[in-house]
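Chain by chain, the residues run as shown.
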Amino acid sequence: MRIGILTSGGDCPGLNATIRGVAKACYEIMDDVQIIGIQNGYYGLINNIAKEMVPNDFSGILTLGGTILGSKRQAFKMLSMDEDKIKSMKDTYKKLRLDCLLTLGGCGTHKTANLLSAEGLNIIGLPKTIDNDIFGTDVTFGYYTAIDIATDCIDRLHTTAASHSRVIVCEIMGNKVGWLTISAGIAGGADIILIPEKPYDINKVIKSVTDRIEKGKSFSIIAVAEGAYDVEEAKLKKKERAKKREEENITTATSRIVAQIQRETGIDTRSCVPGHILRGGSPNAYDRILATKLGAHAAELIKQGLFGRTIAIVGNKITSNRLSDIAGIMKFIDDDNQLFQTARNIGIHFGR
Ligand code: F6P
């Protein structure tokens, strides 16, 4: 059994733990296993950059951040427009004599995995991303570690914000979804949370800050998802929004919010952008266990010859979905979501 494996898109803690889980389970439950590590995601598959791995390659990597296989963002458009790349990937699959290919990645990775599966390759996806936006799985690996890191940032900002009676706006990764921001915001006790799914009204954000001051709370912590936008921007299409920001010389929602609060209230307002720190370092215990369970389940599917699927966790049970059922769909926070409801029930403000 020749098993290809690649990691694609933005890295996250738990990639190596998952690779290890797959490898250890494959060696355990099947005979004659050869794992082929494809370097730098789909780029390596297009350009046939791969190496045969040995069992020792998978030792000592459970706690290691990043990915031993390397990763790369590789934009694919429509199948018809990317025929050459698809052909190259199919050629590499054949040249490497793969029986199947495991693709560890987020939404974009799953879209491509589905294209390859539709082209007849034996594909199994594994759900990676700190964004937790893959449809059909409750959780993705990397997410809970990133929540820990973002929560630690918010905790630390609390003490300095309180000492100086400041507003601190903490920008948390998440371009299209606010899962990480809302979770870390709740865990870190943020006063206001702004996420892309719920466009904010800056006047309501400012009122919430001044209301707190009236109640004797001299500081506020605002957790903002990187991709948050206001109610005026919500009326525009994505490209128009970007153009408007460019014209107004605004780089991020965070920098604009800081300027608006400072200008309207006179309160000392600062920003903090942990950025890629949220993706770095060792996975926490939860992610190590999740990664191992997901990896071991992938090995089971390989053994059973079940392809065209992606591993998921639903209601605390490891399962799998058909790639074609989940590819291209993003998981957003809707109004009924319990995290959102809980945050609102304890008085966290969403600028609405
Ligand atoms: O997809 C994960 C993610 O971390 C997003 O939250 C963020 O918007 C993006 O990656 C940043 O990507 P890059 O690594 O290309 O800067």
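Predicted model only: the values in this text are computed from it and were never measured. Once a new chain begins, its residue numbering starts again from 1 and follows that chain's sequence as written. Reporting in this predicted model follows two pLDDT cut-offs: at least 70 for local features of residues, and 80 or more for side-chain atom pairs to be given and counted; totals over whole chains, interfaces and linings ignore these cut-offs and use all residues. Note that water and hydrogens are dropped before the side-chain values are worked out from all heavy atoms of the structure.

1. Details of the nonpolar core
Let me state the cut-off plainly: Residues grouped as a nonpolar core are buried Ala, Val, Leu, Ile, Met, Phe, Trp, Tyr and Cys residues, joined through side-chain atoms within 4.5 Å. Here the term buried applies to any residue with accessible area under 20% of the maximum for its type, exposed to any over 50%, and partly exposed to those in between, with areas from a 1.4 Å probe on protein chains only. Secondary structure elements follow DSSP: runs of H or I of four or more residues count as helices, runs of E of two or more count as strands, with numbering from the N terminus. Each domain span listed reflects an automatic or database assignment of domains.
Of all hydrophobic cores here, the largest spans 62 residues; its most connected members are Ile3, Leu102, Leu126 and Ile172. Here the element with the most residues in this core is helix H5 (residues 143-164); it accounts for 8 residues. Of the domains in this structure, domain 1 (2-142 + 283-326) and domain 2 (144-278) are the two that each give at least three residues to this core.

2. Focus: helix H10 (residues 285-304)
The test is simple: Helix span, expected: 1.5 Å multiplied by one less than the number of residues in the helix. A 3.5 Å cut-off defines polar contacts: any pair of N or O atoms within that distance qualifies, except that in protein one atom must be a possible hydrogen donor and the other a possible acceptor, and neighbouring residues in sequence count only when both atoms are side-chain atoms.
For H10, with 20 residues, the first-to-last C-alpha span of 29 Å sits near the 28 Å given by 1.5 Å per residue. Turning to H10, its buried residues are Asp287, Leu290, Ala291, Leu294, Gly295, Ala298, Ala299, Leu301 and Ile302. Where H10 begins, one side-chain oxygen reaches toward the backbone nitrogen of tyrosine 286, 3.3 Å away; that side chain belongs to asparagine 284. The positive-phi residue at the C-terminal boundary of H10 is glycine 305, with phi of around 75°.

3. A short note on the pattern of salt bridges
We count it as follows: Salt bridges, as used here, are contacts in which a Lys or Arg side-chain nitrogen is within 4 Å of a carboxyl oxygen on Asp or Glu.
Throughout the structure, instances matching the rule amount to 19 salt bridges. Linking aspartate 211 and lysine 207 is a salt bridge whose minimum nitrogen-to-oxygen distance equals 3.0 Å. Of this pair, aspartate 211 and lysine 207 both sit in helix H7 (residues 202-214), separated by 4 residues, roughly a single helical turn. Here glutamate 233 and arginine 245 are joined by a salt bridge, their closest N and O atoms 2.6 Å apart.

4. Focus: the domain arrangement of the chain
As a reminder of what qualifies: By definition in these notes, contact holds between two residues if any of their heavy atoms fall within 4.5 Å. Three classes are used: nonpolar for Ala, Val, Leu, Ile, Met, Phe, Trp, Tyr, Cys and Pro, charged for Asp, Glu, Lys and Arg, and polar for all others, with Gly counted as polar.
Domain boundaries in the chain define domain 1 (2-142 + 283-326) and domain 2 (144-278). With centres defined by C-alpha atoms, the gap from domain 1 to domain 2 works out at 34 Å. Tallying the contact residues gives 11 residues for domain 1 and 10 residues for domain 2. Inspection of the region where domain 1 meets domain 2 yields 0 salt bridges. The residue makeup of the side of domain 1 that touches domain 2, split by class, is 5 nonpolar, 3 polar and 3 charged.

5. Digging into the sheet that holds strand E2 (residues 34-38)
Pairing between the strands of a sheet is mediated by backbone hydrogen bonds and can be parallel or antiparallel. Filter applied, for reference: Strand pairing is assigned whenever DSSP detects at least two bridges linking the two strands. Axis definition: a line fit to C-alpha positions, over the contact stretch in the case of helices; interaxial angles, taken between N-to-C directions, run 0 to 180 degrees.
Sheet architecture is open: 7 strands sit in the order E3-E2-E1-E4-E5-E10-E11, paired in mixed fashion. Looking at which strands have only one partner, the edges of the open sheet turn out to be strand E3 (50-52) and strand E11 (317-322). Going across the sheet, the axis of each strand differs from the next one's by a mean of 25°, ignoring polarity. Pairing of strand E5 (residues 123-127) with strand E10 (residues 309-314) involves 2 bridges; the strand directions are parallel. Its bridge partner being in E10, isoleucine 124 is matched across the sheet by arginine 309.

6. Observations concerning the sheet that holds strand E7 (residues 192-194)
With parallel pairing, the 4 strands of this open sheet are ordered in space as E7-E8-E6-E9. One side of each edge strand has no neighbouring strand; the edge strands of this open sheet are E7 and strand E9 (269-272). Strand-to-strand twist across the sheet, computed as the mean angle between neighbouring axes with direction ignored, equals 20°. Here strand E6 (residues 167-172) runs beside strand E8 (residues 220-225); their pairing, made up of 6 bridges, is parallel. From the neighbouring strand, glutamate 171 faces E8, where its bridge partner is valine 224. On top of the sheet, H5 reaches E6, E8 and E9; it is set at about 170° to E6, its chief contact. Packed onto the sheet, helix H9 (residues 253-265) meets E6, E7, E8 and E9 and runs at close to 170° relative to E9.

7. Digging into the site of the ligand
The line we're drawing: For each residue, the test is whether any non-hydrogen atom lies within 4 Å of the molecule or strand; if one does, the residue is near. To be clear on the numbers: accessible area is Shrake-Rupley with a 1.4 Å probe, and residue cover counts the displayed protein chains and nothing else.
Close to the ligand lie Arg73, Ile130, Asp131, Met173, Gly174, Asn175, Glu226, His276 and Arg279, which account for all nearby residues. Here an oxygen atom of the ligand sits 2.8 Å away from a polar atom, N or O, in the side chain of arginine 73. In this structure, histidine 276 approaches the ligand through a side-chain N or O atom, which is 2.9 Å from an oxygen atom. In isolation the ligand exposes 400 Å². Once the protein is present, 73% of that is buried. Residues that form the shell around the ligand fall into these classes: 2 nonpolar, 3 polar and 4 charged. When we break the shell around the ligand down by domain, the ones giving at least three residues each are domain 1 (2-142 + 283-326) and domain 2 (144-278).

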